[in-house]
Amino acid sequence: MNRSSLISSIRAKIDEVSTGSEILVDVSFGEGKNIDILIENILDESALEVLSIAPVHKLSLSVISTDGTGIDSNSGEIKLNSDYLRFVSLKMGDFTRAITQLVPEGSPIEKRQNNPYYRGTVDRPIGVLVVKNDGNYVRYYGVNNNHSSAKLMYIKKDVAENVPASCQQALCWLCASKILAIMGDVNGAKAAESFFTQNISI
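Residues numbered from 1 in each chain as written. Predicted model: local features only at pLDDT ≥ 70, side-chain atom pairs only at ≥ 80, totals over all residues. Heavy atoms only, no water.

## Notes on the side chain of S46
- With respect to the helices and strands, S46 occurs in helix α3 (residues 33-53).
- Apart from residues lying up to four places away in sequence, S46 is in contact with L171, L174, C175 and K178. (Helix = DSSP H or I, 4+ residues; strand = E, 2+ residues; numbered from the N terminus. Contact = heavy atoms within 4.5 Å.)

## Regarding the sheet that holds strand β8 (residues 150-156)
- The strand order β1-β8-β4 describes an open sheet built from 3 strands, whose pairing is antiparallel. Edge positions in the sheet fall to β1 (62-66) and β4 (84-91), since each of these pairs with one other strand and no more. Neighbour-to-neighbour, the strand axes of the sheet open up by a mean angle of 25°, direction not taken into account.
- Judged from the 5 bridges that link them, β1 and β8 form a sheet pairing that is antiparallel. Bridge pairing links T66 to A150 in β8. (Pairing = 2+ DSSP bridges. Axes fitted to C-alpha atoms, helices over the stretch in contact; angles between N-to-C directions.)

## Some words on the sheet that holds strand β2 (residues 69-70)
- The strand order across the open sheet formed by 5 strands is β2-β3-β7-β6-β5, and the pairing between neighbours is mixed. Of all strands in the sheet, those with a lone pairing partner are β2 and β5 (102-104), marking the two edges.
- Pairing of strand β3 (residues 75-79) with strand β7 (residues 135-141), which is carried by 5 bridges, proceeds in the antiparallel orientation. Bridge pairing in β7 places K79 opposite Y137.

## Describing helix α5 (residues 165-182)
- With 18 residues, α5 should cover 26 Å at 1.5 Å per step; its first-to-last C-alpha distance of 26 Å lies within 8% of that length.
- Among all positions of α5, only C167, Q168, A170, L171, C172, W173, L174, C175, A176, S177, I179 and L180 are buried.
- Just downstream of α5 lies G184, where phi reads positive at about 85°. (Expected span 1.5 Å × (residues − 1). Buried < 20%, exposed > 50% of the residue type's maximum accessible area, 1.4 Å probe, protein only.)

Written out as structure tokens, the structure is:
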């Protein structure tokens, strides 16, 4: 759906679950125009929320194919693009399996990477999300002095109209829930949130 179609769908969903029909025709909303402004203001942030939690198989993946920057024979780093939102996987050239989860910088697992007996290996690599002044990086542990042929897959930030069709109903229900909450319709917001939960997992 394009942006105007998304807004229309969200308005329809608000009408569907609203527990007080007078809410949408209140004079203060100017024949619905202010509702559209509210929707417009939260649409893209809701899209990021959907992209952050939707099952990976429902989303479009972005890929960084590059060589890593070696730190030592076992570890290195790959800089993430500015549109990075969510990590999916990283496989270096000699890894026997991909990293599918990053640990936080400063975590016990990350600290153990200083110990040669507990560091990541090609069979059990470790990935750490590192935040620097010039951007975010994935630091990997487990290579055998081979920092080439990295393939990093991630979910990128995007605007609402670019959310995959498989997630657009969930997006619309999420926005409807947020608008209804803003408008004070607690029960309507809960009903919309329930539909969002159902749709995001389908």
